Amino acid sequence: MIREILANLERQLRAVILLRDLLEEEFAQLAVRDPGTVATLEFSIQELLRQLGGERRSLHALYAAMDPAARRLADVVGRFSAADAARAGELHAAIDAAEQQGAKQANRNYAMALGLYDVARSGLDNLRALLVPKKGVYGARGRMAAAHSGPSILNGRL
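My aim in this report is to walk through the structure given alongside it, one point at a time. (Residues numbered from 1 in each chain as written. Predicted model: local features only at pLDDT ≥ 70, side-chain atom pairs only at ≥ 80, totals over all residues. Heavy atoms only, no water.)

**Some details on the packing of helix 1 (residues 2-31) against helix 2 (residues 35-66)**
Two measures define how a pair of helices packs: the angle their axes make with one another and the distance between the axes. For clarity, the threshold we go by: Here the axes come from fitting lines to C-alpha atoms, over the contacting stretch only for helices, and the angles between their N-to-C directions go from 0 to 180 degrees. By definition, any uninterrupted DSSP run of H or I lasting at least four residues is a helix, any uninterrupted run of E lasting at least two residues is a strand, and each is numbered from the N terminus. Convention used here: angles under 35 degrees read as roughly parallel, angles over 145 as roughly antiparallel, angles from 65 to 115 as roughly perpendicular, and any remaining angle as oblique. Helix crossings are classified by the rotation of the near helix relative to the far one: an anticlockwise turn of less than a right angle makes the crossing left-handed, while a clockwise turn makes it right-handed.
Across the interface, helix 1 lies against helix 2 with an axial gap of 9 Å and an inter-helix angle of 160°. With respect to their mutual orientation, helix 1 and helix 2 come out roughly antiparallel. The crossing of helix 1 and helix 2 is left-handed.

Below, the structure written as structure tokens:
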């Protein structure tokens, strides 16, 4: 059972490191504005998160098999040998560090994506402002004519 817990923690560590690397690659692709690659990476990230969730559920089942009241590694690590407890602690610390790095990278990716969205949105707004006539009306010949306010007779325009 202890070997299974350690193997699960090792798989989780590799998965979290891969997740961090995928997030870094996603940031690089966001920087060069390659939406196709970003979308592919995002699908890979989502699948990896799904698998990581399965590993976590499996780990909690292993904890529960050792002690029905156990919810965390700290609840069962007392049953490990000294070497296994040290290895479990190292793996747990490494997973936590990799998760923190991944979270920081995910925040940077979010900020980059939001910034790119804002730039694209403002560019489209500016383009629309240039294309849409300002208070224009169609004249008798089907062309845009300057809009004027007030009665035409008083302005001398008939």
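**Focus: the pattern of salt bridges**
Short version of the rule: Any carboxyl oxygen of Asp or Glu that lies within 4 Å of a side-chain nitrogen of Lys or Arg is treated as forming a salt bridge with it. Burial classification: accessible surface area is computed with a 1.4 Å probe over protein chains only, and a residue below 20% of its type maximum counts as buried, one above 50% as exposed, and the rest as partly exposed.
By the definition in use, this model includes 10 salt bridges. With its nearest N and O atoms 3.5 Å apart, the salt bridge here joins aspartate 21 to arginine 20. One salt bridge in this structure joins arginine 87 and glutamate 90, with 3.6 Å as the shortest N-O distance. With arginine 87 and glutamate 90 both in helix 4 (residues 82-131) and three residues apart, the pair spans about one turn of that helix. Take arginine 87: its relative accessible area is 34%, and that puts it in the partly exposed class.

**Here's the deal with the environment of arginine 14**
Within the element layout of this structure, arginine 14 appears in helix 1. Overall, arginine 14 belongs to the exposed group, its relative accessible area being 53%. Taking the C-alpha atoms as reference points, arginine 14 and isoleucine 95, 81 residues apart in sequence, are found 8.5 Å from one another.

**Some points on a nonpolar patch on the surface**
The test is simple: Only residues whose relative accessible area exceeds 30% and that form no salt bridge are eligible for patches; like-charged ones are grouped when within 9 Å, while nonpolar side chains (Val, Leu, Ile, Met, Phe, Trp, Tyr) are grouped when within 5 Å. Methods summary: accessible areas were calculated by the Shrake-Rupley approach with a probe of 1.4 Å, and residue burial reflects only the protein chains presented.
There is a patch of nonpolar side chains on the surface, built from Leu124, Leu127, Leu130, Leu131 and Val132 and spanning about 540 Å² of accessible area. Structurally, leucine 130 is set in helix 4. Given a relative accessible area of 70%, leucine 130 falls into the exposed group.

**Topic: the environment of serine 81**
Along the chain, serine 81 falls in the loop between helix 3 (73-76) and helix 4. Taking the C-alpha atoms as reference points, serine 81 and isoleucine 2, separated by 79 residues in sequence, lie 9.2 Å from one another.

**Considerations on the nonpolar core**
Our working rule: Note on terminology: a nonpolar core comprises buried Ala, Val, Leu, Ile, Met, Phe, Trp, Tyr and Cys residues joined through side-chain atoms within 4.5 Å. Only heavy atoms matter for contacts: two residues are in contact if any of them lie within 4.5 Å across the pair.
Among the nonpolar cores identified, the biggest contains 25 residues, and Ile5, Leu9, Tyr63, Leu73, Val76, Phe80 and Ala88 are the most heavily contacted of them. For this core, the elements supplying multiple residues, two or more each, are helix 1, helix 2, helix 3 and helix 4. At nine residues, helix 1 tops the list of elements feeding residues into this core. Among all residues touching leucine 9, those that are not within four sequence positions of it are Leu59, Leu73, Ala88, Leu91 and Ile95.

**Thoughts on the layout of surface pockets**
Where we set the bar: A cavity here means a set of 1 Å grid points, computed over protein atoms only, where a 1.4 Å probe fits but cannot escape. A pocket is an open set with protein on both sides within 12 Å along at least 5 of 7 lines, and lining residues have an atom within 4 Å of a point. Grid points are joined across faces, edges and corners, and a volume is the space filled by probe spheres set on the points. Three residue categories are used. Nonpolar comprises Ala, Val, Leu, Ile, Met, Phe, Trp, Tyr, Cys and Pro, charged comprises Asp, Glu, Lys and Arg, and polar comprises the others, including Gly.
If you add up the space inside the largest pocket, you get close to 230 Å³. Lining the largest pocket are 14 residues, and of these Gln12, Arg56, Leu59, Tyr63 and His92 lie nearest its centre. Of all the elements in the fold, those that place two or more residues in the lining of the largest pocket are helix 1, helix 2, helix 3 and helix 4. Its residues assigned to classes, the lining of the largest pocket comprises six nonpolar, three polar and five charged.

**Some points on helix 4**
The line we're drawing: Under the convention used throughout, the expected extent of a helix is 1.5 Å for every residue step, that is, one less than its residue count.
End to end, helix 4 covers 73 Å across 50 residues, agreeing with the expected 74 Å (1.5 Å per residue, within 8%). For helix 4, the set of buried residues is Asp84, Ala88, Leu91, Ile95, Ala98, Gly102, Gln105 and Asn109. In this fold, the buried residues of helix 4 make contact with helix 1, helix 2 and helix 3.

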